[in-house]
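# Structural overview for review
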Amino acid sequence: MALARKTKDQIIQNIFFLTALSSIIALGLIMVYLFLEGLPIFEKVSVTNFLFGDYWYPTSDPPDFGIFPLIAASVAVTLVSSAIAIPLGVMTAIYLAEIAGPRSHDFFKPIVELLAALPSVVIGFFGMVIVAPFLQETFNLATGLNLFNAAIMLAFMSVPTICSVSEDAIYSVPRELKEASLALGATRWETISRVILPASLSGISTAVILGMSRAIGETMVVLMVAGGAAMIPTSLFDPVRPMPSSIAAEMAEAPFRGDHYHALFAIGIVLFIFTLIFNIIAAHIAEKHKQVGAATL
Amino acid sequence: MKKIIALFALAMLIAGSAFAETSITVNGSTTVLPIMQKMIEAYMKANPDVKISLSGGGSGNGIKSLIDGSTDIAMASRAMKDKEIELAKSKGVEPNQIVVAIDAIVPIVHPSNAVSAVTLDQLKKIYMGEVKEWKELGGEGPVVVISRDTSSGTYETWEGLVMKKARVFPGAMLQASNGAVVQAVSKNKNAIGYIGVGYLDASTKALPVDGIMGNAETAASGKYPISRDLYIYTNGAPKDAIKKLVDFVLSADGQKIVKEAGFVPLTK
């Protein structure tokens, strides 16, 4: 009987192990495929010319495979959207964790989470039909489909991520710290800005980086509202074409296993490396500054 | 009433079991898609025993799936490239090209734009980024150039017939479909774009090119400078069920549908 119990336990353990393994296998297969399909382009164009070339004319004869304008666009859009989303997300998190009473907390929290549930195509459509004409009229621009519009829409999408991860971080600051600060006569604002924020900084940094990695990989929104000009942006209101939108727009028509097809997969590799770096940094910060009780502060 | 339903169900069952074998897949260009969609609706109404599944993933995609055998008919808004034909032959597929309709690509602007005509040469300069202000053509405001993704058939035709080896400048904005171009131009008073004549509606204004308005007559007669053939490809000469469908597409009834879809029918 004891043996049967043990066997049963073992079987269940193995099932769970295999389940956990499946996501690793899936990731591994996708990576292998990505690299197999992307690397052949580097027989035609050097890595330097690919990454730093100024012109993206994959179907011309002879073709140009320079993705620097696309990388610049992705970086610019991510930075601008972070500049909008970080203050919004972090301040909302502070409000929810420290200031709001239970009733307003229960009111705001689900709404912020609902924002995360909005399909990206809906956000993109909103940006295209409402925000673009508004921006064009207000700032008298040539076009409302531009870097700034895309950054606002992406900020919408990363605020929930930044907010909920930051809130967890702030929430996990030990109670003693806060109480000690208040007991020493610090005001509530002093407690938040001098004690709670520094104590939860690592968690907030993780939140910010996760939010950024969501913004850089987002496809539908930038395809719809970023404008799509393959130029290095010189102003906040220039139309740009981030990497994911080029892949999404061109993949369907690219000749199978042709140079263009391989080049699009190579953009995928670059994008993958970007998000990988973001995630490694996030994991590193989280690990290094792990908050273990009040003593580590 | 019950009896009728039962009879109907029985008939369906017999029909289903007797002819369930016939199914055709069609895949490819989104430009040809609206034509084939209407074709297939009409064809299936007349031939309920044939099951046709249609999808539009782009010309390249359609040709790709013809080569790997996952589709019977590929729709394409461009002729197959030599490389693709080579690859097809190496896999034992003999691409057979059939012209099904003619497409005319028209430049469109916002209805409020004062410009009412362009020349082929002006279009080329606009898309090279040399014309920056509408003032040069009699309008006002900056020119916002909207182009298609570089791998679409529409872009390729535009590049071939308008740009003539020159490149569309990098500042041109990209939209991924005919519908998206219409949407973007109708929302921006400075914009110019180009679309298949079948997508033209009242939300934008089409411009005549070199004095000729792009429409069915001018494209069929070859007078309109920006027009092209649309194709379907089969593996070898079409046979059996596929032949019947292709014959229908090329018949007078089929070509009437081409016209209804906003494209130009073949004249024989």
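The shown structure was predicted, so the numbers you read here are calculated from the model rather than taken from an experiment. Residue positions within a chain follow its written sequence, with the count starting from 1. The naming scheme follows written order: chains are lettered A onward, ligands numbered 1 onward. In view of the model being predicted, local features appear only for residues whose pLDDT reaches at least 70, and side-chain atom pairs are presented and counted only at 80 or more, with totals across whole chains, interfaces and linings using the full set of residues. Side-chain metrics rest on all non-hydrogen atoms present in the structure, leaving aside hydrogens and water.

This next bit is on empty space enclosed by the protein. Empty space left among the atoms is revealed by rolling a probe the size of a water molecule over them. In this analysis a 1.4 Å probe is tested at points of a 1 Å grid over the protein atoms alone, and where it fits but cannot get out there is a cavity; an open set with protein on both sides within 12 Å along at least five of seven lines is a pocket; lining residues have an atom within 4 Å of a point. Grid points are joined across faces, edges and corners, and a volume is the space filled by probe spheres set on the points. By the definition in use, this model includes 3 cavities of 30 Å³ or more. If you add up the space inside the largest cavity, you get close to 130 Å³. Considering the residues around the largest cavity, the lining is formed by 14 residues, among which A:Tyr57, A:Arg241, B:Thr150, B:Val168 and B:Phe169 are closest to the centre. Strands are runs of DSSP state E lasting at least two residues, helices are runs of H or I lasting at least four, and both sets are numbered from the N terminus onward. Listed by contribution, the elements that provide at least two residues to the lining of the largest cavity are strand E1 (56–57) of chain A together with strand E5 (144–148) and strand E6 (173–175) of chain B. Taken together, the residues that form the lining of the largest cavity break down as 10 nonpolar, 2 polar and 2 charged. Of the pockets and cavities examined, the second largest cavity occupies roughly 100 Å³. In this classification, the charged set is Asp, Glu, Lys and Arg, the nonpolar set is Ala, Val, Leu, Ile, Met, Phe, Trp, Tyr, Cys and Pro, and all remaining amino acids, among them Gly, are polar.

What follows deals with helix H9 (residues 240–250) of chain B. Residue and element names in this part refer to chain B. Residues of H9 that are buried include every one of Leu 245, Val 246, Phe 248 and Val 249, and no others. Across the axial projection of H9, the buried residues extend over an arc of 155 degrees, all falling on one side. Opposite the packed face of H9, turned more than 90 degrees from it, sit the exposed residues Asp 240 and Lys 244. The rule is simple: take the accessible area with a 1.4 Å probe, protein chains only, and divide by the maximum for that residue type; under 20% is buried, over 50% is exposed, in between is partly exposed. This arc is built from the directions going out from the helix axis to the C-beta atoms.

A few words now on helix H10 (residues 252–260) of chain B. All names here are of chain B. Among the residues of H10, those classed as buried are Gly 254, Gln 255, Ile 257 and Val 258. All buried residues of H10 fall inside an arc of 150 degrees around its axis, so they share one side. Facing away from the buried side of H10 by more than 90 degrees, the exposed set consists of Ala 252, Lys 256, Lys 259 and Glu 260. The inward-facing, buried residues of H10 abut helix H2 (33–46), strand E4 (95–109) and H9. Pairs of residues are marked as contacts when any of their non-hydrogen atoms sit within 4.5 Å.

Before going further, it helps to spend a moment on the side chain of A:Ser200. As for its position among the elements, A:Ser200 is in the loop between helix H8 (188–199) and helix H9 (201–217). Only 2.8 Å separates the side chain of A:Ser200 from the backbone oxygen of A:Ile196, close enough to count as a polar contact. We define a polar contact as two N or O atoms separated by no more than 3.5 Å, with the added condition that, inside protein, one atom must be a possible hydrogen donor and the other a possible acceptor, whereas residues neighbouring each other in sequence contribute only through side-chain atom pairs.

What follows concerns the layout of surface pockets. What the largest pocket holds in volume is close to 970 Å³. A:Thr59, A:Ser60, A:Asp61, B:Lys81 and B:Glu156 are, among the 34 residues lining the largest pocket, the residues nearest its centre. The volume enclosed by the second largest pocket comes to roughly 340 Å³.

It is worth spelling out the confidence of the model for chain B at this point. Regions with low pLDDT should not have their predicted coordinates read in detail. Residue and element names in this part refer to chain B. Along the chain, pLDDT gives the predictor's confidence residue by residue, from 0 to 100. Across chain B, the average pLDDT comes to 85, with 91% of residues at 70 or higher. Across residues 13–20 the pLDDT falls below 50, and counting only partners more than four positions away or on other chains, this stretch makes 2 contacts in the model. Note on the complex model: pTM 0.74, ipTM 0.75.

Let us now look at the confidence of the model for chain A. Here chain A averages 89 in pLDDT, while 96% of its residues score no lower than 70. The lowest-confidence element of chain A is E1(A), averaging 88 in pLDDT; the highest-confidence one is helix H3 (residues 68–99) of chain A, averaging 93.

The next subject is unusual backbone geometry. With phi around 50 degrees, A:Asn140 is a residue other than glycine that occupies positive phi space. Mapped onto the elements, A:Asn140 comes out in the loop between helix H5 (120–139) and helix H6 (147–171). Backbone geometry at B:Asp240 places phi at a positive 45 degrees, although glycine is not the residue there. Looking at the element boundaries, B:Asp240 is found in helix H9.

Bringing the packing of aromatic side chains into the picture now. Put simply, two rings from Phe, Tyr or Trp (the six-membered ring, in Trp's case) pair if the centres are within 6.5 Å, and we call them stacked under 30 degrees between planes, edge-to-face over 60, tilted for the rest. Using the criterion set out here, one finds 16 aromatic pairs over all chains in the structure. A centroid spacing of 4.1 Å and a plane angle of 5 degrees characterise the contact between B:Trp158 and B:Tyr194, whose relative ring orientation is stacked. Residue B:Trp158 is found in helix H6 (residues 153–163), and its partner B:Tyr194 is found in strand E7 (residues 191–196); the two are separated by 36 residues along the sequence. There is no split in this pair, since B:Trp158 and B:Tyr194 are both buried. Taken together, the ring pairs connect A:Tyr33, A:Tyr261 and A:Phe265 into an aromatic cluster.

What follows deals with the interface of chain B and chain A. Many descriptions give the size of an interface as the accessible area lost when the pieces come together. Contacts between chain B and chain A engage 34 residues on the former and 34 residues on the latter. With both chains or domains summed, chain B and chain A bury close to 2,800 Å², and 53% of this area falls on carbon and sulfur atoms. Put simply, a salt bridge is a Lys or Arg side-chain nitrogen that is within 4 Å of an Asp or Glu carboxyl oxygen. Where chain B packs against chain A, one counts 1 salt bridge. When the shortest N-O distance is used, the salt bridge between B:Arg167 and A:Asp64 registers 2.7 Å. Along the contact surface separating chain B from chain A lie 9 residue pairs in polar contact (both at pLDDT 80 or more). Two parts placed together each lose some accessible area; with a 1.4 Å probe, that loss summed over both constitutes the buried area.

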